[in-house]
Amino acid sequence: MKIAIVGAGVIGVTTAFELASDGHEITVFERHGSVAEETSFANAGVIAPGYVTPWAAPGMRRKVFVDLFRAHAPVRLHGALSLSEWRWAWNWWRACERERSARNRAHMQRLALYSRERLHRLTAQERLEYERSEGYLVLLRSEEDLKQARSGLELLRAAEIRYAEIDAAQARHIEPALSAQTPLAGAIHLPDDEVGNCRQFTLLLRERARARGVRFAFRAKVTALVMTPSPMVRVEGEPAPQSFDAVVVCAGVASDALLRPLGIRLPLAAVHGYSITARIREPLNAPRSAVMDERYKVAISRLGQRVRVAGSAELGAPQGRMDAKALRTLYKVLQDWFPGAADYAHGVQEWRGARPMLPDGPPVIGPSGLPGLWLNLGHGSSGWALACGSARALADRIAGRKPEIELEGLGIERLGLRR
């Protein structure tokens, strides 16, 4: 088939690669000048299936409210929420119900485990060499943090995810550069998890996709999708739309503007995250792989000769504006755990990216309900962890094959949309 893909983040590029591997003729439309220019650009890089969970969870309502009054809040709500953002927040509130949240978590973790397996297969098959390291350490500052973390260990066991609850001395043996000055009650070690450079991976896979015949149209902003009678893509500045047998929308937060005129009203919101990236000044003072400060929900990752600190979940802030408080939290957490690791003298990359998030957590993967129009979107902050599995499963659906993974709970029908 002749298939168009809208969006060239990690979701769009993995989808293009898998469809091209199945023998389809693929064109990818991307409004920027390269791949991985938005959400995939400077994320934490962590792939930890056990911690791929919906933001809508029991206890989160209270936690978000309490955090609003803290200087280093992991979640920030700005007063100028739009009507659609208020609707999204209401749907999120409802999705925090215990049984519903548990189902969504199970769907996401099943996809995350499959996606990690698919990532490893792809990396070996295509001989992709990008910045990556193994192991993930969840740091618990106090006995209260430790108590709260233990309540979630049963979920890791149920998902058959290998982990170890360790004390401070064992944590510092795994990550010797952890500061002795910052209180540490214990940690959860996940040896099978990892950190990887999402953007590097996406750039490498773009070239493998090109070798399979994929055409990338950069600086090509898709302004409309036309569904009469077969799917057509209208690109800004071009006189006529282009016709395809199928279209896959992987355009992140921009997907809503394309789908709404077709009667598909996804409850999709831009939940912004932040990161800072700096050169490593002294390798002995830097992390070996990735750690998560559970209290502040901030990840610190080793990416080659750089350190990246990522966190925050921000809803309602004006487009393009950086929140100084969110950035201060990142610098604080880095200083707490790895003082002296970053070389600030040669500049720091400060980044803010929009995560395309659905209120209940899981993405939407599969048919849209309109002939020839498919969706692979709404992965939120877990796009890197879910990308390879989502792409392969969607390619199997398009080919009429049964996917290797059960896609229950990942279709558009769960959202109860009415066209």
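Structure: above.
Residues numbered from 1 in each chain as written. Predicted model: local features only at pLDDT ≥ 70, side-chain atom pairs only at ≥ 80, totals over all residues. Heavy atoms only, no water.

Turning our eyes to something else, we now look at the pairing of strand E18 (residues 364–367). Pairing of E18 with strand E19 (residues 373–377) involves 4 bridges; the strand directions are antiparallel. Paired with Pro367 across the bridge in E19 is Trp374. Hairpin connection of E18 to E19: 5 residues between the antiparallel strands, including Gly369 at a positive phi of 105°. (Pairing = 2+ DSSP bridges. Helix = DSSP H or I, 4+ residues; strand = E, 2+ residues; numbered from the N terminus.)

The next subject is the packing of helix H1 (residues 10–21) against helix H8 (residues 198–211). One can describe the packing of H1 onto H8 by two numbers: an axis separation of 9 Å at closest approach and a directional angle of 30°. Of the possible angle classes, the one that applies to H1 and H8 is roughly parallel. Crossing geometry of H1 relative to H8 is assigned as left-handed. Residues Val10, Val13, Thr14 and Phe17 of H1 pack against Cys198, Phe201, Thr202, Leu205, Arg206, Arg208 and Ala209 of H8. Looking at the contact of H1 with H8 residue by residue, the class counts come to 7 nonpolar, 2 polar and 2 charged. (Axes fitted to C-alpha atoms, helices over the stretch in contact; angles between N-to-C directions. Parallel < 35°, antiparallel > 145°, perpendicular 65-115°, else oblique. Left-handed = near helix turned anticlockwise from the far one by under 90°. Contact = heavy atoms within 4.5 Å. Nonpolar A, V, L, I, M, F, W, Y, C, P; charged D, E, K, R; others polar.)

With that settled, the discussion passes to the sheet that holds strand E8 (residues 215–218). Spatial strand order, E8-E2-E1-E12-E19-E18: 6 strands in an open sheet with mixed pairing. Of all the strands in the sheet, the pair left with one neighbour each is E8 and E18. The mean inter-strand angle of the sheet, taken between neighbouring strand axes irrespective of direction, is 20°. Here H1 sits on the sheet and contacts strand E1 (2–6), strand E2 (25–30), E8, strand E12 (246–249) and E19; the angle it forms with E1, its principal contact strand, is near 170°.

A few words on the pattern of salt bridges. Two side chains carrying opposite charge are able to pair once their charged atoms lie near each other. This structure, assessed with the given rule, holds 28 salt bridges. Across the pair Glu154 and Arg157 runs a salt bridge, and its minimum N-O distance is 3.1 Å. A residue pair is termed a helical-turn pair when its members lie 3 or 4 positions apart in one helix, as Glu154 and Arg157 do in helix H6 (residues 153–158) at 3 residues. When its relative accessible area of 44% is taken as the criterion, Glu154 is described as partly exposed. Glu294 is the salt-bridge partner of Lys297, the closest N and O atoms lying 2.6 Å from each other. Given the relative accessible area of 21%, Glu294 is considered partly exposed. Shared partners join several salt bridges into a network, and the residues in it are Glu18, Asp22, Arg118, Arg392, Asp396 and Arg401. (Salt bridge = Lys/Arg side-chain N within 4 Å of Asp/Glu carboxyl O. Buried < 20%, exposed > 50% of the residue type's maximum accessible area, 1.4 Å probe, protein only.)

The nonpolar side chains of a soluble globular protein tend to be buried with one another. One finds Ile26, Phe201 and Val248 to be the most contacted residues of the largest nonpolar core, which totals 47 residues. Counting residues per element, the ones that place at least two in this core are E1, H1, E2, helix H4 (98–126), H8, E12 and helix H11 (383–398). With 9 residues, H11 is the single largest residue contributor to this core. Residues in contact with Val248, not counting those within four places in the same chain, are Ile3, Ala4, Ile5, Val6, Thr15, Leu19, Trp374, Asn376, Leu394 and Ile398. (Core = buried A, V, L, I, M, F, W, Y, C linked by side-chain atoms within 4.5 Å.)

Take the side chain of Asp293 next. Within the fold, Asp293 resides in strand E14 (residues 290–293). For Asp293, a relative accessible area of 1% corresponds to the buried category. Polar side-chain contacts of Asp293 include one of 2.7 Å to the side chain of Arg141. Within the structure, Asp293 has its side chain in polar contact with the backbone nitrogen of Arg295 (distance 3.1 Å). Setting aside chain neighbours within four positions, we find Asp293 in contact with Leu139, Arg141, Val298, Val333 and Trp337. (Polar contact = N/O pair within 3.5 Å; in protein donor to acceptor, adjacent residues only side chain to side chain.)

Two aromatic rings, taken as a pair, are described by how far apart their centres are and by the angle between their planes. Per the counting criterion, the structure on display carries 10 aromatic pairs. Each ring, one from Phe201 and one from Trp384, has its centre 5.1 Å from the other, and the planes form 55°; the classification is tilted. In this pair, Phe201 is assigned in helix H8 and Trp384 in helix H11, connecting sequence segments 183 residues apart. In this pair, the class of Phe201 matches that of Trp384, namely buried. With centroids separated by 5.7 Å and ring planes inclined at 10°, the aromatic side chains of Phe216 and Phe218 adopt a geometry described as stacked. The class of Phe216 is buried, set by a relative accessible area of 10%. Here the aromatic cluster, defined as three or more aromatic residues joined through ring pairs, consists of Trp55, Trp88, Trp92 and Trp93. One Lys or Arg, Lys2, reaches over the ring of Phe244 and ends 5.2 Å from the middle of that ring. (Phe/Tyr/Trp six-rings, centres within 6.5 Å; stacked < 30°, edge-to-face > 60°. Lys NZ or Arg CZ within 6 Å of the ring centre and 35° of its normal.)

Before going further, it helps to examine the side chain of Ser390. Considering the arrangement of structural elements, one finds Ser390 in helix H11. The exposure class of Ser390 is buried, given its relative accessible area of 0%. Discounting residues that sit within four places of it in the chain, Ser390 has contacts with Leu111, Ile365, Asn376 and His379.

With 29 residues, H4 should cover 42 Å at 1.5 Å per step; its first-to-last C-alpha distance of 41 Å lies within 8% of that length. Directly beyond the C-terminal end of H4, a positive phi value near 55° is found at Arg127. (Expected span 1.5 Å × (residues − 1).)

Further remarks concern the sheet that holds strand E10 (residues 232–235). As summarised here, the arrangement of the 3 strands in space is E9-E10-E11, forming an open sheet in which the pairing is antiparallel. Here the strands that pair on one side only, and so sit at the sheet edges, are strand E9 (222–226) and strand E11 (242–243). As paired strands, E10 and E11 are joined by 2 bridges and run antiparallel to one another. Bridged to Val233 within E11 is Gln242.

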